[in-house]
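# An overview of the molecular structure
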Amino acid sequence: KKDKENIKKVYLTFDDGPSKNTPKILDILKKYNVKATFFVIGKTDDFSKEMYQRIVEEGHTIGMHSYTHKYDEIYHSLDNFKEDFYQIRNLIYETTNYLPTTYRFPGGSGNHVSELDMSVFIKFLNDESITYYDWNVSNGDATGNELSSKEAYQNVMEGVETFNNSFVLMHDAQAKDSTVDSLSHIIEDLLEKEVAILPLTDDIKPVQQVRFDEINE
């Protein structure tokens, strides 16, 4: 066995859910007894609320990925961003009784769609004691539905080779079937390599494209 210090850590994260693929992903994670992180958007139908609850009940981390996921609205002003932020945070809290402390910016903190400098929003999250996480590995499913499950698998495994701490971007949105299809294979191979697969918690040093400590106060 490798000693604890040198063990690679992998954080599997899923953005844009819940959708019909969320229960499939939860079932796979349960099968391997692996915990992950879900950065969810705002949905108020019964199925979605059930998924928020299930994520929390099964020991995964539920994080915020904005309520609307509409870039032009969220990033239009700090007021818009705040309103959206409180909306998703309150929805999660009211549904699960858990107050989320992690956030992933739509497009990441280094996105090029925001009208305002991202530091405005980053400072707000920092004042709210919210940690935001970007990613350093992606399965490639953000680009469209053309991705094969083999490509999704290869993208993750190649990325994990590169880093000691891998923050893996995936999506549990409606159309991301290749993500579901590749997940068991990814988890089996990571477990075989004795990699630690962990959920995000507040004490994990985040990977950030635009880091808070680079922003002048």
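Up top you'll find the structure we're talking about.
To start, this report covers the structure provided alongside it. Being a predicted model, the structure only gives us computed values, none of them experimental.

## Side note on the packing of helix α2 (residues 46-57) against helix α4 (residues 78-96)
- One can describe the packing of α2 onto α4 by two numbers: an axis separation of 9 Å at closest approach and a directional angle of 75 degrees. One way to sum up the angle between α2 and α4 is to call them roughly perpendicular. The residues of α4 that touch α2, namely those facing K49, Y52, Q53 and V56, are L91, T95 and T96.
- Of the residues belonging to the contact of α2 with α4, the class tally is three nonpolar, three polar and one charged.

## Brief notes about the packing of α4 against helix α5 (residues 118-127)
- Where α4 meets α5, the axes come as close as 10 Å, and the angle between the chain directions of the two elements is 40 degrees. For the element pair α4 / α5, the angle class is oblique. Considering the relative orientation of α4 and α5, their crossing is right-handed. For the pair formed by α4 and α5, the contact residues are L78, F81, K82, F85 and Y86 on the first element and V120, F121, F124 and L125 on the second.
- Each residue belonging to the contact of α4 with α5 can be placed in one class, and the counts come to eight nonpolar, no polar and one charged.

## Some remarks on the pairing of strand β2 (residues 37-40)
- Burial along β2 is two-sided: T37 and F39 and F38 and V40, pointing in opposite directions, are all buried.
- In this sheet, β2 lies alongside strand β1 (residues 9-15) in parallel orientation, the contact comprising three bridges. By the bridge assignment, D15 is partnered in β2 with F39.
- In this fold, β1 hands off to helix α1 (residues 21-32), which returns the chain to β2; that crossover is right-handed.

## Brief notes about the packing of aromatic side chains
- What the rule picks out here adds up to 16 aromatic pairs.
- Both rings, one in Y11 and one in F167, keep their centres 4.8 Å apart while their planes meet at 20 degrees; by these two values the pair is stacked. On the criterion of sequence distance, the pair formed by Y11 in strand β1 and F167 in strand β7 (residues 165-171) is long-range, its members being 156 residues apart. Here the two residues Y11 and F167 agree in accessibility, since each one is buried.
- Between F85 and Y103 the ring centres are 6.2 Å apart and the planes differ by 45 degrees, which places this aromatic pair in the tilted class. Separated by 18 residues along the polypeptide, F85 in helix α4 and Y103 in strand β4 (residues 102-103) bring together distant segments of the chain.
- A relative accessible area of 0% places Y103 in the buried class.
- Here a set of aromatic residues connected by ring pairs shows up, and it is made of Y71, Y75, F81, F85, Y86, Y103, F105, F121, F124 and Y132.

## Let's talk about the pattern of salt bridges
- A full pass over the atoms with the stated rule returns six salt bridges.
- In this structure, R54 and E58 form a salt bridge, with 2.6 Å as the shortest nitrogen-oxygen distance.
- For R54, a relative accessible area of 16% translates into the label buried.
- If you follow the salt bridges from partner to partner, you end up with D27, K30, R54 and E58 in one network.

## Some words on the side chain of E58
- Its place among the elements puts E58 in the loop between α2 and β3 (61-64).
- Judged by relative accessible area, E58 falls into the buried class, the value being 18%.
- Excluding residues that lie within four positions of it along the chain, E58 makes contacts with L26, K30 and K35.

## Here we look at the environment of T162
- As for its placement among the helices and strands, T162 is situated in helix α6 (residues 149-162).
- For T162, a relative accessible area of 58% corresponds to the exposed category.
- As for T162 and V137, which are separated by 25 residues in sequence, their C-alpha atoms are 9.0 Å apart.

Here is what the cut-offs are and how they apply
- Residues numbered from 1 in each chain as written.
- Predicted model: local features only at pLDDT ≥ 70, side-chain atom pairs only at ≥ 80, totals over all residues.
- Heavy atoms only, no water.
- Axes fitted to C-alpha atoms, helices over the stretch in contact; angles between N-to-C directions.
- Helix = DSSP H or I, 4+ residues; strand = E, 2+ residues; numbered from the N terminus.
- Parallel < 35°, antiparallel > 145°, perpendicular 65-115°, else oblique.
- Contact = heavy atoms within 4.5 Å.
- Nonpolar A, V, L, I, M, F, W, Y, C, P; charged D, E, K, R; others polar.
- Left-handed = near helix turned anticlockwise from the far one by under 90°.
- Buried < 20%, exposed > 50% of the residue type's maximum accessible area, 1.4 Å probe, protein only.
- Pairing = 2+ DSSP bridges.
- Right-handed = clockwise from strand over helix to strand, strands pointing away.
- Phe/Tyr/Trp six-rings, centres within 6.5 Å; stacked < 30°, edge-to-face > 60°.
- Salt bridge = Lys/Arg side-chain N within 4 Å of Asp/Glu carboxyl O.

These figures capture arrangement, not role.
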